[in-house]
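# Secondary and tertiary structure notes
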Amino acid sequence: IARAEKENNLDYFSYASAELAQTRLQMGAPRAEVETPLDYLEAKRIDGKSVVTLSIRVLIEQIRADLDLRDGDAASADRRATQLLQELAAAKFDAPRYMDIAHLVASKAALAVGDAPRATAHARAALQIVEPIARGIDTSADVGEALLLLSKGMIAQGRKAEALPL
């Protein structure tokens, strides 16, 4: 990360910072330790402008929403996911890989706050995004995650019979 920053390789700097935070999250690090590279990334400016693109914003908010869920703050994760989708819609952002992530985050958060219909709707949106670009419908992890969240949402709505084939 330091080398990328020194060489002004902003793409590598941004993605590596997000990956470091994600790794720390997966290792169960304290919230402050997970957020340190994200905070540094968000503070980085070039010519007075933030280096955080909308794609990177999605990754940052995914990590923070996962932290919220890990810490038992489903309402915060839900607010974060809702605000992220609003920001992406306002910017007319439509990069499939990142829209998929945003909808999966929103689905998990909605499920965590008990809003199964909204969780299901976001899982369906993610599925519609990833199915056409997946390596294979039965081999893509993105499709699998969307289907898992879709089935959890359906089960939470009492639609277990519909969810089982998923």
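Remember, it's a predicted structure, so these values are computed and weren't measured experimentally.

This part takes up the pattern of salt bridges. Going through the model one piece at a time under the given rule, you end up with 17 salt bridges. Note that D68 is salt-bridged to R31, the shortest N-O span being 2.8 Å. Of this pair, D68 sits in helix α4 (residues 54-70) while R31 sits in helix α3 (residues 31-43), and the two are 37 residues apart along the sequence. Exposure remark for D68: the relative accessible area of 3% places this residue in the buried category. In this structure R31 comes out as partly exposed when scored by relative accessible area, which is 23%.

Attention now goes to unusual backbone geometry. A positive phi angle, close to 55°, is found at D47, a residue other than glycine. Note that D47 resides in the loop between β1 (45-46) and β2 (49-50). Positive phi, normally seen in glycine, also occurs at K92, with a value near 55°. Inspection of the secondary structure puts K92 in the loop between α5 (74-90) and α6 (96-112).

Positionally, Q128 belongs in helix α7 (residues 116-130). A relative accessible area of 61% means that Q128 is categorised as exposed.

Procedures and definitions
Residues numbered from 1 in each chain as written. Predicted model: local features only at pLDDT ≥ 70, side-chain atom pairs only at ≥ 80, totals over all residues. Heavy atoms only, no water. Salt bridge = Lys/Arg side-chain N within 4 Å of Asp/Glu carboxyl O. Helix = DSSP H or I, 4+ residues; strand = E, 2+ residues; numbered from the N terminus. Buried < 20%, exposed > 50% of the residue type's maximum accessible area, 1.4 Å probe, protein only.

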